[in-house]
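Residue-level structure breakdown
The primary structure of each chain is shown beneath.
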Amino acid sequence: MSTIGTVDTLWRYPVKSMRGEELNEAFVGFSGMYGDRVFAFRSSASPKGFPFLTAREQRKLLLYRPRFRYPDKAARPINLAEAESMAPGVTPVFADIPDLIVEIEAPTGETLAIDDPALLRMLREGVSGAPDLTLVRSDRAMTDCRPVSLLSVQSARQLGEEIGTTVDQRRFRANIYLDLAGAGGFAENGFVGRSVRIGLKVVVSILERDPRCVMITLDPDTGESKPEFLRQVAQAHNGMAGVYAAVLVEGIVRKGDAVELLG
């Protein structure tokens, strides 16, 4: 094995397509990062295969800031210590639904419970077809594809150099941003088919490169669109940026943790 870098930042997104939150540490489990994308809004106008309302249809979603009402209970599984003290492979459990409730700070500054009908009305405004929205909650992270996504800060930096601008890495909405030290951009592509240890315990299998969509064109603070970001990724990188991973060994990862490439 070899050390290839460190964890730059950790991010989770309590509500799918809304603003994320940066963490100093996070529990990474088989179903994804704890507290990541545990809520979403199902839209009657979306296809059955992907039934969620996202910032692709409602850019204002990026301006809504979700926060767990009880941050301590949303930090890690409620029985993590007890589960880890038992035989290997025991999976800890999520907190009860009331303990993982999320409140939303709207762009207006108003704070609403995630199940407040007024929030649904706000989110429907301006969406084509005025779809019916339904709140969905899951213990499994409702990611687009795989449980965990990773991107190197070098890849974001290189993309900016190619376009001639500064790239905010938050556009990519990854869970784990890696600093791969002396490596160039898109070095994580070479990890596909291999396993990576993050910190003392967590091991992930890098499954595939991450195909990108219009989401990376949207400014994470304003929702403003810059199509050149997706155009460059499509033309220079086969439409891919970052990688998807499955979790082989669960545990806590922390900002600054060493990242090791295994066999």
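Residues numbered from 1 in each chain as written. Predicted model: local features only at pLDDT ≥ 70, side-chain atom pairs only at ≥ 80, totals over all residues. Heavy atoms only, no water.

What follows covers the packing of aromatic side chains. All chains considered together, the criterion is met by 2 aromatic pairs. A centroid spacing of 4.6 Å and a plane angle of 65° characterise the contact between Tyr34 and Phe94, whose relative ring orientation is edge-to-face. Taken together, the positions of Tyr34 in the loop between β4 (32–33) and β5 (39–43) and Phe94 in the loop between α1 (80–84) and β7 (102–105) put the pair 60 residues apart, joining distant regions of the chain. Its relative accessible area of 17% is what places Phe94 among the buried residues. Here Phe50 and Phe52 contribute two aromatic rings whose centre-to-centre distance is 5.5 Å and whose plane-to-plane angle is 90°, an arrangement assigned as edge-to-face. In this arrangement the basic side chain of Arg171 is found over the ring face of Phe229, its NZ or CZ atom lying 3.9 Å from the centre. (Phe/Tyr/Trp six-rings, centres within 6.5 Å; stacked < 30°, edge-to-face > 60°. Helix = DSSP H or I, 4+ residues; strand = E, 2+ residues; numbered from the N terminus. Buried < 20%, exposed > 50% of the residue type's maximum accessible area, 1.4 Å probe, protein only. Lys NZ or Arg CZ within 6 Å of the ring centre and 35° of its normal.)

This paragraph deals with the environment of Asp115. Here Asp115 lies in the loop between β8 (111–113) and α2 (117–124). Judged by relative accessible area, which is 52%, Asp115 ranks as exposed. Sequence separation of Asp115 and Thr166 is 51 residues, and the distance between their C-alpha atoms is 37 Å.

Taken N-terminus to C-terminus, the directions of helix α3 (residues 153–163) and helix α4 (residues 228–237) make an angle of 100°; their axes are 10 Å apart at the nearest point. Here α4 runs roughly perpendicular to α3, going by the angle between their axes. On the side of α3, the interface is formed by Gln158, Leu159, Glu162 and Ile163, while α4 contributes Glu228, Phe229, Gln232, Val233, Ala236 and His237. Looking at side-chain class alone, the contact of α3 with α4 contains 5 nonpolar, 3 polar and 2 charged residues. (Axes fitted to C-alpha atoms, helices over the stretch in contact; angles between N-to-C directions. Parallel < 35°, antiparallel > 145°, perpendicular 65-115°, else oblique. Contact = heavy atoms within 4.5 Å. Nonpolar A, V, L, I, M, F, W, Y, C, P; charged D, E, K, R; others polar.)

Here the focus is the pattern of salt bridges. The tally for this structure, following the rule as stated, stands at 17 salt bridges. For Arg76, the salt bridge goes to Glu25, with nearest N and O atoms at 2.4 Å. Linking Arg76 in the loop between β6 (65–68) and α1 with Glu25 in strand β3 (residues 25–29), this pair joins segments that are 51 residues apart in sequence. By relative accessible area, which is 31% here, Arg76 ends up partly exposed. Residue classification places Glu25 among the partly exposed positions, given a relative accessible area of 29%. When the shortest N-O distance is used, the salt bridge between Arg67 and Glu105 registers 2.8 Å. You can see Arg67 sitting in strand β6 and its partner Glu105 sitting in strand β7, a full 38 residues away along the chain. Arg67 sits in the partly exposed class, given a relative accessible area of 39%. One salt-bridge network, held together by shared partners, links Glu25, Arg76 and Arg254. (Salt bridge = Lys/Arg side-chain N within 4 Å of Asp/Glu carboxyl O.)

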